[in-house]
Amino acid sequence: MSDCGTKAVSVIGFIGSVFSPWYAWSGRRDPANHCCINVATYGPGGRFTMTDRGRAALKTDTNTLQVGPSSMHWTGDRLVIDIDEISGPPVISRVRGQITVTPRAVTSVELALTSDGAHVWRPFAPTSDITVALEAPGWQWSGHGYFDANFGTRALEQDFSFWTWGRYPTKAGATCIYDATRRDGTTMDTAVAFDADGTARIVDAPPRTPFKRSLWQVRRETRADPGVIPKQVLNMLDAPFYSRSAVQTQLNGEVVTGVHEALDLDRFASPLIKPMLAVRVPRRKGWNS
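The notes below deal with the structure included here. These numbers were taken from a predicted model, which means no experiment stands behind them. (Residues numbered from 1 in each chain as written. Predicted model: local features only at pLDDT ≥ 70, side-chain atom pairs only at ≥ 80, totals over all residues. Heavy atoms only, no water.)

1. A look at the pattern of salt bridges
And then number 1: In this structure the tally under the stated criterion is 19 salt bridges.
And then number 2: A salt bridge links R96 to D84, with the shortest nitrogen-to-oxygen separation between them at 3.7 Å. A residue pair is termed long-range when its members are at least 10 positions apart, and R96 in strand β9 (residues 94-103) and D84 in strand β8 (residues 78-86) qualify at 12 residues.
And then number 3: Its relative accessible area of 22% is what places D84 among the partly exposed residues.
And then number 4: Ionic pairing is found between D116 and R154, a salt bridge with its closest N-O pair at 2.9 Å. Of the two residues, D116 is situated in the loop between β10 (111-112) and β11 (119-134) and R154 in the loop between β12 (140-152) and α2 (156-159); the sequence distance between them amounts to 38 residues.
And then number 5: With a relative accessible area of 29%, R154 lands in the partly exposed category. (Salt bridge = Lys/Arg side-chain N within 4 Å of Asp/Glu carboxyl O. Helix = DSSP H or I, 4+ residues; strand = E, 2+ residues; numbered from the N terminus. Buried < 20%, exposed > 50% of the residue type's maximum accessible area, 1.4 Å probe, protein only.)

Here you go:
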């Protein structure tokens, strides 16, 4: 998010693009044949790009993930993201430029999201600095950032019906909230506080508190002190099954604003969703570099 709070970016590198209808229709047998660097910009002139590409577009080494014309590359202590994508409807245009993420610390935290470890969350850098330099008016700015990863061996909708996630910068560092309802009826209620040096500890957080649903009426909740109702301060991404937004809440007496996500996997599992997604997620099987 920008320091002024009016703009934000999200970049996700997928090997096995979990939200791609093409990957689902393929039976999810070959993750490398459905890869993507998804780029979304939020605020005035925001764009959304998510092109499902074939294995010919994928190149990896120790420090680099390249998918077609875009890449992520570790250079010393910085993650440099070079972007060259085409945004999807309703505004089709080129999204090009560079984003640099500089972690203040890298953690060794790993959290299994299911009892058998089929899904794992890895918050590499919960507190980072970010610079954005895109080829668009007003899209050169600095702010605070975050870098994590999720790994899985089964489809999300197979093991979860709903989850929410939030990352809130605090005076001490950052607090991440990961709450989920699993298909077996159990729940995950996890709050992790990170100090500026990356030290992590599981903490008691205030209770789950519902707040206003998204434009697509996706249910939303996050943690909040008793008597406090969280509120959206910047809309980012609205989909029939997914919401991403900047949310203000209060955690143990501290007012914080961070990125919040809510994912309704019952909706995502509906066969009606996949053709809708295909409109915004084009498939490009081949690649000539």
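Once the structure has been displayed, the description carries forward.
2. Description of the side chain of T222
And then number 1: With respect to the secondary-structure elements, T222 resides in strand β18 (residues 220-223).
And then number 2: A residue is classified by how much of its surface remains accessible, and T222, at 2% relative accessible area, is buried.
And then number 3: A distance of 2.9 Å separates a polar atom in the side chain of T222 from a polar atom in the side chain of Y168.
And then number 4: The residues touching T222, leaving out its near neighbours within four places in the chain, are Y168, P207, R208, T209, F211, P230, V247, T249 and H260. (Polar contact = N/O pair within 3.5 Å; in protein donor to acceptor, adjacent residues only side chain to side chain. Contact = heavy atoms within 4.5 Å.)

3. Some remarks on the layout of surface pockets
And then number 1: Put simply, the second largest pocket is a space of about 220 Å³.
And then number 2: What lines the second largest pocket is a set of 16 residues, among which T170, T175, A193, N252 and E254 lie closest to the centre.
And then number 3: Elements that contribute at least two residues to the lining of the second largest pocket include exactly β14 (173-182), β15 (187-195) and β21 (254-264).
And then number 4: Looking at the lining of the second largest pocket element by element, the count peaks at three residues for β15.
And then number 5: Among the residues making up the lining of the second largest pocket, the classes are represented as nine nonpolar, three polar and four charged. (1 Å grid on protein atoms, 1.4 Å probe; cavity = no way out; pocket = protein on both sides within 12 Å on 5 of 7 lines; lining within 4 Å. Points joined across faces, edges and corners; volume = space filled by probe spheres on them. Nonpolar A, V, L, I, M, F, W, Y, C, P; charged D, E, K, R; others polar.)

4. Thoughts on a nonpolar patch on the surface
And then number 1: A contiguous nonpolar patch, built from L215, W216 and M276 and spanning about 360 Å² of accessible area, is present on the exposed surface.
And then number 2: Note on placement: L215 falls in the loop between β17 (208-211) and β18.
And then number 3: Given a relative accessible area of 70%, L215 falls into the exposed group. (Patch = residues over 30% accessible without salt bridge, like charges linked within 9 Å, V, L, I, M, F, W, Y side chains within 5 Å. Areas by Shrake-Rupley, 256 points an atom, 1.4 Å probe, with all protein chains shown as cover.)

5. Focus on the nonpolar core
And then number 1: If you look at the biggest cluster of nonpolar residues, it comprises 38 residues, and the most contacted ones within it are F19, L113, W121, W163, M236, F241 and L263.
And then number 2: If one sorts the elements of this core by residue count, strand β19 (residues 231-239) sits on top with four residues.
And then number 3: Setting aside residues no more than four positions away along its own chain, W163 makes contact with L113, L156, Y178, D179, A180, E261, A262 and L263.
And then number 4: In terms of nonpolar packing, the next biggest core, distinct from the first, is built from 20 residues, I81, I130, L134 and W139 among them. (Core = buried A, V, L, I, M, F, W, Y, C linked by side-chain atoms within 4.5 Å.)

6. Observations concerning the packing of aromatic side chains
And then number 1: The tally for this structure, following the rule as stated, stands at 14 aromatic pairs.
And then number 2: Ring plane angle 85° and centroid distance 5.2 Å describe the contact between W22 and W25, whose orientation is recorded as edge-to-face. Remark: W25 and W22 occur in helix α1 (residues 21-25); sequence separation between them is three residues, near one turn of the helix.
And then number 3: An angle of 55° between the planes, with centres 6.2 Å apart, marks the rings of W139 and W141 as tilted.
And then number 4: Residue W139 is classed as buried on the basis of its relative accessible area of 2%.
And then number 5: Accessibility expressed as a relative area gives 9% for W141, which makes it buried.
And then number 6: Following the ring pairs from residue to residue traces out a cluster consisting of F14, F19, F241, Y242 and F268.
And then number 7: In this arrangement the basic side chain of K274 is found over the ring face of F268, its NZ or CZ atom lying 4.6 Å from the centre. (Phe/Tyr/Trp six-rings, centres within 6.5 Å; stacked < 30°, edge-to-face > 60°. Lys NZ or Arg CZ within 6 Å of the ring centre and 35° of its normal.)

7. Quick notes on the sheet that holds β21
And then number 1: Read from one edge to the other, the open sheet built from seven strands follows the order β16-β15-β14-β13-β21-β20-β19, with strand pairing classed as antiparallel. The sheet is open, and its two borders are formed by β16 (200-202) and β19, each paired with just one other strand. Strand after strand, the sheet turns through a mean of 20° between neighbouring axes, direction not considered.
And then number 2: Pairing of β15 with β16, which is carried by three bridges, proceeds in the antiparallel orientation. Within the sheet, the bridge partner assigned to V192 lies in β16 and is I202. (Pairing = 2+ DSSP bridges. Axes fitted to C-alpha atoms, helices over the stretch in contact; angles between N-to-C directions.)

8. Overview of helix α4 (residues 273-280)
And then number 1: When α4 is considered as a whole, its buried residues turn out to be I273, K274, L277 and A278. Considered in projection along α4, the buried side chains sweep an arc of 140° and stay on one side of the axis.
And then number 2: Where α4 is buried, its residues meet α1 and α3 (265-268). (Arc of directions from axis to C-beta.)

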